[in-house]
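Topology and contacts: notes
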Amino acid sequence: MPTVARWWSSRTDPQRIDLYTRSSYYSTLVLVPVLLFFAVSSDWATSAAWPPLVLLGSSVVTTAACLVLTRRGFRDRTAGPDRSALLVAVLAGLVTVLAALAATGEGPAPAAPWVAGLVSGAVLLALSVTVPTRPLVAGAAVAGVLAGAVAFAEGNPPGAAVAVGASIGVAVGFCVTAFRFSVWILDVVLEMERSRGAQAQLAVAEERLRFARDLHDVMGRNLSAIAVKSQLAAELVRRGRDGAAEELADISRVAEESLREVRDVVRGYRRTDLPGELAGARSVLRAAGVGVTVTGEAEAVALPEPVQAALGWVVREAVTNVLRHSRASWCSIELRAVGGEAELRVANDGVRGAGTAWGNGLTGLAERLAAGGGRLSAGPDGDRFVLAASVPVGVPA
């Protein structure tokens, strides 16, 4: 059991829904031959052995074809139903209904109409993976008509045959639409998962574009100057004129200036500026489709630089965890200064049942804060996950 629990908890929510939906289909279809056999066994009116054997064999073939139809439908729901498997399921289903009529003999019997309903329901159930709801409802109506015709052929009065057909049609329609609804939910969840991944990639791409734009703005002019001065120095050397040494010295100066500016850009990119981190967190989370509220930005500006650096790392780690390890729809970031300490609290609704064990990121962050007298706590709080950090305002750099 612990192994099964770990296997289940290691899967994502979309994977769990997909597994539940598939297992529901497969387990229901596997039970069809058993239900057909027991439905007819109580009404057998013939001593011949072939009708029950034919019924059992054809029902197994029907179920196998429906399983193939269902499996291929789950593999590619945009390609439509597999025609060969559908043809085999329909033909084997008709043989099953005829065998039920032969097995139950003359006179009214409830078994044969329900056999027709079960066979029709199994085929429609397999089709519901790829076929929309309206055709399935129409198919349920056809199943009701078929069941009513079988009931009338069994010797039931017309009124009773209509009642049986209507009840079977409603039952088949309800069952098939319920399964179709589960497939629709699965499609919605998978589409949301794909959209969430695309939004996270878009947020990363936006941040990379911002850095590339800053680097281009800083380096474009200097690199252009170096290229022009290099060409000028080469031309002066070829013509034997004075001034090449001055141009080369100027190239060296521009290169050193460019190197210094690149370092400033990288340092600014890596430097943990708390107001900038809060603004970046809002932008990244919104780009990833997470609603976010940030309070206390005005207080962040007044904090000492070491405190801003420490809490900026907390914001980075918290936002990273929200994007990578949760399915949050909202996140709140609250900063306040109370009693000589700066407190940062990040909460989101992406709680998942994986326990409260910390990863390397939170562990390293706690050690970093502890070195300056700060504290870090993180874990579920009801239906939320809360990360809280506090740093003394007088923490050393």
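A closer look at the overall build of the protein
Secondary structure summary: the protein contains 13 helices and 5 strands in total. Expressed as a percentage of the 397 residues in the protein, the buried residues total 37%. Total accessible area on the protein stands at roughly 21,600 Å², and carbon and sulfur atoms take up 63% of it.

Details of the nonpolar core
Ranked by size, the top nonpolar core spans 40 residues in total, and within it Tyr 25, Val 40, Cys 66, Leu 124, Leu 127 and Val 172 carry the most contacts. Here the element with the most residues in this core is helix H6 (residues 111–127); it accounts for 11 residues. Setting aside residues up to four positions removed in sequence, Leu 124 forms contacts with Leu 136, Gly 139, Ala 140, Val 172 and Val 176. If you look at the next biggest cluster of nonpolar residues, it comprises 33 residues, including Leu 285, Leu 335, Val 346 and Val 391.

What to know about the pairing of strand E4 (residues 375–381)
Two elements, E4 and strand E5 (residues 384–392), share 7 bridges in a ladder whose sense is antiparallel. Each residue of the ladder has a partner; that of Asp 381, found in E5, is Arg 384. Counted along the chain from E4 to the antiparallel partner E5, the turn is 2 residues long, and its residue Gly 382 has a positive phi close to 70°.

Brief notes about helix H12 (residues 305–325)
In a regular helix each residue adds 1.5 Å, so 21 residues correspond to 30 Å; H12 covers 30 Å between its end C-alpha atoms and thus fits that length. Here H12 has its buried residues at Val 307, Gln 308, Ala 310, Leu 311, Gly 312, Val 314, Val 315, Glu 317, Ala 318, Val 319, Asn 321 and Val 322.

Some points on the side chain of Thr 70
In this structure, Thr 70 sits in helix H4 (residues 50–75). Judged by its relative accessible area of 0%, Thr 70 is buried. Setting aside chain neighbours within four positions, we find Thr 70 in contact with Tyr 25, Tyr 26, Leu 29, Ala 126 and Val 129.

Regarding the packing of aromatic side chains
Two aromatic rings, taken as a pair, are described by how far apart their centres are and by the angle between their planes. For the structure on display, the rule yields 4 aromatic pairs. An aromatic cluster of three or more residues is present, and its members are Tyr 25, Tyr 26, Phe 74 and Phe 179. For the cation-ring pair, Arg 316 lies above Trp 313, with the distance from its terminal atom to the ring centre recorded as 5.2 Å. For Arg 368, the ring lying beneath its charged end belongs to Trp 313, and the centroid distance is 4.5 Å.

What to know about the pairing of E5
Where strand E3 (residues 341–348) and E5 come together, 8 bridges link them in antiparallel fashion. Looking at the pairing, Asn 348 lines up with Phe 385 of E5.

Here we look at helix H13 (residues 360–370)
Buried within H13 we find Leu 362, Leu 365, Ala 366 and Leu 369. For H13, the buried positions fall inside an angular range of 100° around the axis, keeping them on one side. Of the exposed residues in H13, the ones pointing more than 90 degrees away from its buried face are Asn 360 and Glu 367. Against the buried residues of H13 lie H12, E4 and E5.

Observations concerning a nonpolar patch on the surface
A cluster of nonpolar side chains, contributed by Phe 181, Trp 184, Ile 185, Val 188 and Met 192, occupies part of the molecular surface with about 490 Å² of accessible area. Relative to the assigned elements, Trp 184 resides in helix H8 (residues 158–239).

Considerations on the pattern of salt bridges
Inspection of every chain in the model, using the stated rule, returns 7 salt bridges. Where Arg 282 meets Glu 297, a salt bridge forms, and the shortest distance between an N and an O atom there is 2.5 Å. One end of the pair, Arg 282, is in helix H10 (residues 274–287); the other, Glu 297, is in helix H11 (residues 297–302), with 15 residues separating them in the sequence. One salt bridge connects Arg 375 with Glu 341, and the closest N-O pair in it is separated by 3.4 Å.

Topic: the packing of H12 against H13
Orientation of H12 relative to H13, taken along the N-to-C sense of each, is 170°, at an axis distance of 11 Å. In terms of orientation, H12 lies roughly antiparallel with respect to H13. Between H12 and H13, the residues in contact are Ala 310, Trp 313, Val 314, Glu 317 and Asn 321 and Gly 361, Leu 362, Leu 365, Arg 368 and Leu 369, respectively. For the contact of H12 with H13, a count of residues per class yields 6 nonpolar, 2 polar and 2 charged.

What about the sheet that holds E5?
Adjacent strands of a sheet pair through backbone hydrogen bonds, lying either parallel or antiparallel. Taken in spatial order, the 5 strands of this open sheet run E1-E2-E3-E5-E4, and their pairing is mixed. The sheet terminates laterally at strand E1 (291–295) and E4, the two strands that pair on one side only. Averaged over all neighbouring strand pairs, the angle between strand axes comes to 10°, with direction disregarded. Of the strand pairs in this sheet, E1 and strand E2 (residues 330–338) are connected by 5 bridges, and their pairing is parallel. In the sheet register, Val 292 faces E2, and the bridge partner there is Cys 331. Together, E4 and E5 form the strand contacts of H13, whose direction differs from that of E4 by roughly 145°.

Examining the packing of H6 against helix H7 (residues 133–153)
The geometry of H6 relative to H7 is characterised by a closest axis approach of 8 Å and an angle of 160° between their N-to-C directions. With respect to their mutual orientation, H6 and H7 come out roughly antiparallel. Taken as a pair, H6 and H7 cross one another with a handedness that is right-handed. Counted together, Ala 112, Pro 113, Ala 116, Ser 120, Leu 124 and Leu 127 of H6 and Leu 136, Gly 139, Ala 140, Ala 143, Leu 146, Ala 147, Val 150 and Ala 151 of H7 form the full contact between these two elements. For the contact of H6 with H7, the class distribution of residues is 12 nonpolar, 2 polar and no charged.

Parameters at a glance
Residues numbered from 1 in each chain as written. Predicted model: local features only at pLDDT ≥ 70, side-chain atom pairs only at ≥ 80, totals over all residues. Heavy atoms only, no water. Helix = DSSP H or I, 4+ residues; strand = E, 2+ residues; numbered from the N terminus. Buried < 20%, exposed > 50% of the residue type's maximum accessible area, 1.4 Å probe, protein only. Areas by Shrake-Rupley, 256 points an atom, 1.4 Å probe, with all protein chains shown as cover. Core = buried A, V, L, I, M, F, W, Y, C linked by side-chain atoms within 4.5 Å. Contact = heavy atoms within 4.5 Å. Pairing = 2+ DSSP bridges. Expected span 1.5 Å × (residues − 1). Phe/Tyr/Trp six-rings, centres within 6.5 Å; stacked < 30°, edge-to-face > 60°. Lys NZ or Arg CZ within 6 Å of the ring centre and 35° of its normal. Arc of directions from axis to C-beta. Patch = residues over 30% accessible without salt bridge, like charges linked within 9 Å, V, L, I, M, F, W, Y side chains within 5 Å. Salt bridge = Lys/Arg side-chain N within 4 Å of Asp/Glu carboxyl O. Axes fitted to C-alpha atoms, helices over the stretch in contact; angles between N-to-C directions. Parallel < 35°, antiparallel > 145°, perpendicular 65-115°, else oblique. Nonpolar A, V, L, I, M, F, W, Y, C, P; charged D, E, K, R; others polar. Left-handed = near helix turned anticlockwise from the far one by under 90°.

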